[in-house]
Amino acid sequence: MTTIVILILLAAILYNLGAGLYFMMTDRGSTNRTVRSLTWRIGLSVLLILLVVVGILTGVIKPHGIGQ
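What comes next concerns the included structure. (Residues numbered from 1 in each chain as written. Predicted model: local features only at pLDDT ≥ 70, side-chain atom pairs only at ≥ 80, totals over all residues. Heavy atoms only, no water.)

## Structural notes on helix α2 (residues 33–58)
The end-to-end C-alpha separation of α2 is 37 Å, in line with the 38 Å expected for 26 residues at 1.5 Å each. Among the residues of α2, T34, S37, L44, L48 and G55 are the ones counted as buried. If you follow the buried residues of α2, they end up packed against α1 (2–27). (Helix = DSSP H or I, 4+ residues; strand = E, 2+ residues; numbered from the N terminus. Expected span 1.5 Å × (residues − 1). Buried < 20%, exposed > 50% of the residue type's maximum accessible area, 1.4 Å probe, protein only. Contact = heavy atoms within 4.5 Å.)

Here it is in structure tokens:
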């Protein structure tokens, strides 16, 4: 379940990154769709990082290979 949530968030982040690039090339500054798309990307990235940290602290995600 954890892996599916992480993969969905990564896909949404990549989609918003691509949408931001597309809007930047097509709109040429006439709308704010680029800013909105990149704002969503940043928000989703922060959410993903927080979920991973909470998962590690609660024991749902077990890191391995680092510091051993």
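## Digging into the side chain of S37
By the element assignment, S37 lies in helix α2. Setting aside its immediate chain neighbours within four residues, S37 contacts N16, A19, G20 and F23.

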